[in-house]
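What follows is each chain in one-letter form.
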Amino acid sequence: MEVTNEKLDKKRNINVVILLIYIYMPFITNILENAFSASPVVNYLIQVILILFLLFFNKINKKICGFLFLFVAVIGINYILVDYKYYVLVEGIQALLGIAIPCLVISNSKFDLEYFLKKWHKFSQKNLLLVLLSILLFKKRIVHYSIFTSICVPNVFIISVMILLGKEKNIKNIIIALMNILSIMIFGGRMAGVVSLCMIIVSFIYSSNINYKKKILVYFITIITAIVVLNNFKGILLWINNQLINKGLYSRNITLFIEQMEKNELYVTGRDEIYIKCFDYIKRRVGLPGGFGVPLYLTNGKYYYSHNLILQLLITFGILGTGLLAILVYSKLRIIKKYQSKDYFKLIIFMFFSYLLIGMAGSSIWIHYMSTMFIALVFFRNNKQNKNKEKRE
């Protein structure tokens, strides 16, 4: 019995490690590519190694085999039908590798979701040293500013999840989350910072384990803080910027905000070029699906994806396909709500909400851990191990 439990723990830990590597992969590759001049191909090599490991050492779910085979077949058909074949392969392979890892892990009968969330949360509390390392490397211009999105956003997400589910509600979690959010706001991407702030606020509001008095207090503090900051926004930005300059640091966010405020043209993404081209493409084709590689084709390789969830869905699946996909996801969510635990349903909805915010201004559904894990949890999760643990309250 003890030997069996040891084997189970070993397999559970292997799944946890692989999924955590997958989630924090952009952080790893950011350092490898910028600090050590590694080729971008290293990202795909690591993913291939993880997939091969899963294929050889895990029992593969037949449903996943069918899904991945169909995915490869669609890429092949897409490749045959269009002229921009190279771009189809680039996005298609990127998508296949991106979606395969979470699907292979989560569909495995040995995967324990609750165990994984606890380990992820524990890791997020300990990796503040990695955030500090990122600041030091960024100060020396060794890494790209996106490193803060790749390390801080997943930290804030899992802390928010644990608060939402009532697993953790001590002040330490809030402090760690705020430190991560502050790091993104100053050094990372603006939308990533806004999304992270929204995640922690929403998790606090909808947490069933936090009483109304505390929630009202948070509402009050948030509103007062927002009023004070907005009324003194430019002055605060200038002061923070001066402090950073004195310490040899540079904030892309703050610099852009100051420049835009001086020109009276505040914008968030600056991706009008790709948005206009994608929108025109959809109109020209009367909403027909385009498959993989379209943004690369439209921008001559400049943009890997449309940087907008709705545009990506419409380009890839077409208007009809997007509608059918929405109906399918809605149907699956209704089934999950009916037959799975409340915590599981809350996790799924929160993940959907979080990626919806991220997906509207960047990323791709095929490579972002929130969207790919959402797909895996909704469509491919193996419930045999958890069916006795998860009962509706």
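Please refer to the structure higher up on the page.
Please read all numbers here as calculations on a predicted model, not as lab measurements. (Residues numbered from 1 in each chain as written. Predicted model: local features only at pLDDT ≥ 70, side-chain atom pairs only at ≥ 80, totals over all residues. Heavy atoms only, no water.)

## Considering the environment of F69
Part 1 of the reasoning: Within the secondary structure, F69 sits in helix α4 (residues 62–81).
Part 2 of the reasoning: Residues F69 and R381, 312 residues apart in the sequence, show an inter-C-alpha distance of 18 Å. (Helix = DSSP H or I, 4+ residues; strand = E, 2+ residues; numbered from the N terminus.)

## Re the packing of aromatic side chains
How two aromatic rings sit relative to each other is set out by the distance from centre to centre and by the angle between their planes.
Part 1 of the reasoning: Applying the stated criterion across every chain, the model contains 22 aromatic pairs.
Part 2 of the reasoning: For the ring pair F233 and F257, a centre distance of 5.5 Å and an interplane angle of 80 degrees mean the geometry is edge-to-face. Separated by 24 residues along the polypeptide, F233 in helix α12 (residues 233–246) and F257 in helix α13 (residues 252–263) bring together distant segments of the chain.
Part 3 of the reasoning: Through successive ring pairs, a cluster of aromatic residues spans F67, F71, F292, F317, W366, F379 and F380.
Part 4 of the reasoning: A cation sits over an aromatic face here: K85 above Y79, 5.1 Å from the ring centre.
Part 5 of the reasoning: The positively charged end of R190 is found above the aromatic ring belonging to F257, 5.3 Å away from the centroid. (Phe/Tyr/Trp six-rings, centres within 6.5 Å; stacked < 30°, edge-to-face > 60°. Lys NZ or Arg CZ within 6 Å of the ring centre and 35° of its normal.)

## Looking at the side chain of T29
Part 1 of the reasoning: Mapping T29 onto the fold places it in helix α2 (residues 25–35).
Part 2 of the reasoning: Contacts of T29, omitting those with residues within four sequence positions, involve V42 and N43. (Contact = heavy atoms within 4.5 Å.)

## A few points about the state of the cysteines
Part 1 of the reasoning: On inspection of all chains with the given rule, the structure shows zero disulfides.
Part 2 of the reasoning: Free of any disulfide, C65 has its nearest cysteine sulfur in C103, 12 Å distant.
Part 3 of the reasoning: Residue classification places C103 among the buried residues on the basis of a relative accessible area of 0%. (Disulfide = S-S within 2.5 Å. Buried < 20%, exposed > 50% of the residue type's maximum accessible area, 1.4 Å probe, protein only.)

## Thoughts on a nonpolar patch on the surface
Part 1 of the reasoning: On the surface, Y212, I216, L217, Y219, F220, I221, I223, I224, I227 and V228 cluster together into a nonpolar patch covering about 1000 Å² of accessible area.
Part 2 of the reasoning: Here F220 lies in helix α11 (residues 212–231). (Patch = residues over 30% accessible without salt bridge, like charges linked within 9 Å, V, L, I, M, F, W, Y side chains within 5 Å. Areas by Shrake-Rupley, 256 points an atom, 1.4 Å probe, with all protein chains shown as cover. Salt bridge = Lys/Arg side-chain N within 4 Å of Asp/Glu carboxyl O.)

## Looking at α12
Part 1 of the reasoning: Over its 14 residues, α12 extends 20 Å from the first C-alpha to the last, a length consistent with the 20 Å expected when each residue adds 1.5 Å.
Part 2 of the reasoning: When we look at burial in α12, the residues that qualify are L237, N241 and L244. One side of α12 holds all its buried residues, which, seen down the axis, span an arc of 65 degrees. In this structure, α12 carries W239 and N246 as exposed residues pointing more than 90 degrees from its buried face.
Part 3 of the reasoning: On its buried side, α12 packs onto α9 (171–187) and α13.
Part 4 of the reasoning: Downstream of α12 by one or two residues, G248 has phi in the positive range, about 75 degrees. (Expected span 1.5 Å × (residues − 1). Arc of directions from axis to C-beta.)

## What to know about unusual backbone geometry
Part 1 of the reasoning: Look at R141: it is not a glycine, yet its phi comes out positive at around 60 degrees.
Part 2 of the reasoning: Summarising the element assignment, R141 is placed in the loop between α7 (128–139) and α8 (147–164).
Part 3 of the reasoning: One non-glycine residue, V286, lies in positive phi territory at about 55 degrees.
Part 4 of the reasoning: Looking at where V286 falls in the secondary structure, it is placed in the loop between α14 (272–284) and α15 (294–298).
Part 5 of the reasoning: Overall, V286 belongs to the exposed group, its relative accessible area being 71%.

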